[in-house]
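Chain residues, written in single-letter form:
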Amino acid sequence: MIPQLFGESATPLYGVFHPSAKGGTARTAAVLCAPFGNEYLQAHRVLRKLADELSGRGIPSLRFDYLGTGDSFGDGDAVSLEQMATDTAHAIGEVRGLTRARKVVLVAMRGGAFPALRSIGEASVVGCVLWDPITRVASVVSRASADSVSGGAAGMLSLGGFPLSATLQRELATFDPGMYGSSGTRDLRVVAHTEAEIASLRTQIPTLEWVRTADLLDFGAPGSQDLVHASEAQVTLVANAVESISQR
């Protein structure tokens, strides 16, 4: 693992690069798009595990923190979907610069699906794997409403102590995943236990491939800080999907 600072010099992003364990020049690299809110912290270990699995298969990857989250520059109340998509574009450029890979596969867990789908049109992106995705604003707000910020800015909610600004709420409310994921030139796959979040997406995108897992990712109750558990089988299914896309 190699820590990185990248993006705009005045507002740098923090990331961790996992080079290919097989060495040489990789044809394809991956960018891992984390969830937001408390799920960002909960998913850290699992995303590192996935990055290590991809590395062992010869696929380098970059994990990163969105602006205003984790170890990246900025305050959490400034987080927006537009900014997260911009950050993802920076991550795509960074991993290509580090690896010289011509193709990039995006891997998004939970709420990471929002910025990943916004970024799927980037020229070097050949596909996207959505892992137990959240694609509806109702799913986000239902988890935030039980933990609203006391005395915070008007319209501000929190996801386990992480601010969910009015701007981000508005962006999510108007988000149409089908508008971004329907390009026939992109390979879009979902790895999830149920189709609750992707039913409408499957209608809009007939080519979407759904790989069903034996169990759910358990993030616990809203606001929980417990690390999420993902079975070896789930990590393998996600890595298989990335590898399959990379071989196109």
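For the structure itself, look to the data block above.
Please read these numbers as outputs of a predicted model, since none were measured by experiment.

Description of the overall build of the protein
- Of regular secondary structure, the protein possesses nine helices and ten strands.
- Within the span of the protein, comprising 248 residues, buried residues form 54% of the whole.
- In the protein, 66% of the contacts between residues at least 6 apart in sequence involve partners at least 24 apart.
- Looking at the protein as shown, the accessible area adds up to about 10,600 Å², and 50% of this sits on carbon and sulfur atoms.

Side note on the side chain of Thr213
- Mapping Thr213 onto the fold places it in the loop between strand E10 (209–212) and helix H9 (232–246).
- A polar atom in the side chain of Thr213 sits 2.8 Å from the backbone oxygen of Asp215.
- In this structure, Thr213 is in contact with Val191, Ala192, His193, Gln234 and Leu237, ignoring residues within four places of it in sequence.

Considering the packing of helix H3 (residues 81–99) against helix H6 (residues 166–173)
- Packing of H3 against H6 brings their axes to within 8 Å, and their N-to-C directions diverge by 80 degrees. On the basis of their axis angle, the class for H3 and H6 is roughly perpendicular. Facing H3, whose interface residues are Leu81, Glu82 and Met84, H6 presents Leu168, Glu171 and Leu172.
- Per-class residue counts for the contact of H3 with H6 are four nonpolar, no polar and two charged.

With respect to helix H2 (residues 44–56)
- Under the 1.5 Å per step criterion, the end-to-end length of H2 is 19 Å for 13 residues, consistent within 8% with the ideal 18 Å.
- Among the residues of H2, those classed as buried are Val46, Leu47, Leu50, Ala51, Leu54 and Ser55.
- Along its buried surface, H2 packs onto strand E2 (11–18), strand E3 (28–33), strand E4 (61–64), strand E5 (103–109), strand E6 (125–131) and H9.
- One or two residues past the end of H2 sits Gly58, with phi positive at roughly 90 degrees.

Looking at H9
- A rise of 1.5 Å per residue sets the reference length of H9, with its 15 residues, at 21 Å; its end C-alpha atoms lie 21 Å apart and thus fit the reference within 8%.
- Within the sequence span of H9, burial applies to Gln234, Val235, Val238, Ala239, Ala241, Val242, Ile245 and Ser246. The buried residues of H9 occupy an angular sector of 155 degrees when the element is viewed end-on, so they sit on one face.
- As for H9, its buried residues are in contact with E3, H2, E5, E6 and strand E9 (187–192).

Here we look at the sheet that holds E5
- Read from one edge of the open sheet, eight strands run E1-E2-E4-E3-E5-E6-E9-E10, paired in mixed fashion. Two strands in the sheet have a free side with no partner beyond their single neighbour: strand E1 (2–8) and E10. Within the sheet, the average angular offset between the axes of one strand and its neighbour, ignoring direction, is 25 degrees.
- Contacting E2, E3, E4, E5 and E6, H2 runs over the sheet at an angle of about 165 degrees to E4.

Regarding the packing of aromatic side chains
- Within the structure shown, the criterion is met by four aromatic pairs.
- Aromatic side chains Phe6 and Phe64 sit 6.4 Å apart centroid to centroid with 70 degrees between the ring planes, which places their arrangement in the edge-to-face category. Taken together, the residues Phe6 in strand E1 and Phe64 in strand E4 connect sequence positions 58 residues apart. The same class applies to Phe6 and to Phe64, which are both buried.
- Centre to centre, the rings of Phe64 and Tyr66 are 5.2 Å apart; their planes meet at 80 degrees, and the pair counts as edge-to-face. Exposure class is identical for Phe64 and Tyr66. Each is buried.
- By way of ring pairs, the aromatic residues Phe6, Phe64 and Tyr66 are connected into one cluster.

Calculation notes
- Residues numbered from 1 in each chain as written.
- Predicted model: local features only at pLDDT ≥ 70, side-chain atom pairs only at ≥ 80, totals over all residues.
- Heavy atoms only, no water.
- Helix = DSSP H or I, 4+ residues; strand = E, 2+ residues; numbered from the N terminus.
- Buried < 20%, exposed > 50% of the residue type's maximum accessible area, 1.4 Å probe, protein only.
- Contact = heavy atoms within 4.5 Å.
- Areas by Shrake-Rupley, 256 points an atom, 1.4 Å probe, with all protein chains shown as cover.
- Polar contact = N/O pair within 3.5 Å; in protein donor to acceptor, adjacent residues only side chain to side chain.
- Axes fitted to C-alpha atoms, helices over the stretch in contact; angles between N-to-C directions.
- Parallel < 35°, antiparallel > 145°, perpendicular 65-115°, else oblique.
- Nonpolar A, V, L, I, M, F, W, Y, C, P; charged D, E, K, R; others polar.
- Expected span 1.5 Å × (residues − 1).
- Arc of directions from axis to C-beta.
- Pairing = 2+ DSSP bridges.
- Phe/Tyr/Trp six-rings, centres within 6.5 Å; stacked < 30°, edge-to-face > 60°.

Geometric values such as these leave the question of function open.
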